[in-house]
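Observations on chain architecture
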Amino acid sequence: MALGKLSAVSDLDIINDLLSNGNQKRKAEEQLFSMFSYFIGEGIKKFSLSEDESFDVYSDTILVTINKIINGSFEGRSSLKTYVFQIFNNKSVDLIRKKTTNKNSVHQTLSITDKLTHLSDAAKPVIQQMIERSDWELLRAKLNGLGENCRNLLLMFADGLTDKEIAVALAYKTADVVKTSRLRCLEKLRTLYKREP
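How each quantity is defined
- Residues numbered from 1 in each chain as written.
- Predicted model: local features only at pLDDT ≥ 70, side-chain atom pairs only at ≥ 80, totals over all residues.
- Heavy atoms only, no water.
- Buried < 20%, exposed > 50% of the residue type's maximum accessible area, 1.4 Å probe, protein only.
- Helix = DSSP H or I, 4+ residues; strand = E, 2+ residues; numbered from the N terminus.
- Arc of directions from axis to C-beta.
- Axes fitted to C-alpha atoms, helices over the stretch in contact; angles between N-to-C directions.
- Parallel < 35°, antiparallel > 145°, perpendicular 65-115°, else oblique.
- Left-handed = near helix turned anticlockwise from the far one by under 90°.
- Contact = heavy atoms within 4.5 Å.
- Nonpolar A, V, L, I, M, F, W, Y, C, P; charged D, E, K, R; others polar.

**Comments concerning helix 9 (residues 148-158)**
Taken together, the buried positions of helix 9 are occupied by Cys 150, Leu 153, Leu 154 and Met 156. The arc enclosing the buried residues of helix 9, seen along the axis, measures out at 160°, which places them on a common side. Set apart from the buried face of helix 9 by more than 90 degrees, the exposed residues are Glu 148 and Ala 158. Gly 160 sits one or two positions beyond helix 9 and adopts a positive phi of about 95°.

**A few points about the packing of helix 3 (residues 39-47) against helix 5 (residues 80-100)**
Where helix 3 meets helix 5, the axes come as close as 11 Å, and the angle between the chain directions of the two elements is 40°. Classified by the angle their axes make, helix 3 and helix 5 are oblique. Viewed along their axes, helix 3 and helix 5 form a crossing whose handedness is right-handed. Only Lys 81, Val 84, Phe 85, Phe 88, Asn 89, Ser 92, Val 93 and Ile 96 of helix 5 make contact with helix 3, whose side of the interface consists of Phe 39, Gly 43, Lys 46 and Phe 47. Of the residues that constitute the contact of helix 3 with helix 5, the class distribution is seven nonpolar, three polar and two charged.

Have a look at this one:
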């Protein structure tokens, strides 16, 4: 990593802490999230995103940044601010493109629910129960593979608790940190499902 071009000592501190483990890493993740959270407002103003869209883009940006730092892709040729902004900018543009094209409608497929309408009335409840039981068993197995923190966070969210309530219950610093952690956990869950044959 070419560390000579990092703009501030705090960049280096955050990078070193992200490469560590435990509370130090978690604290660095929170610091990184807070440092550039004003980009959310930029997304609203510059790209006309809703607050939720801009927050989601920003959260995803921070997750990508953390992953790139950990896997060594961030070489330190720019400041963290510049690096994070470039990712945020690209993700915002991608979201705008996605919203303004008809790609989503082209790739629509029939859902299982739509296919159930073609079954006889007697077969529908049996098939529906089998699908639900299989889905729940698979989901339970995948949640167990996530680890205790992610599993608890996602189960509490599924039970209808707000990010603020989860932050208090699980001792997270803020609701924003919970939301970012939840997105990370959902990404892990998605990855586990992709591995399924």
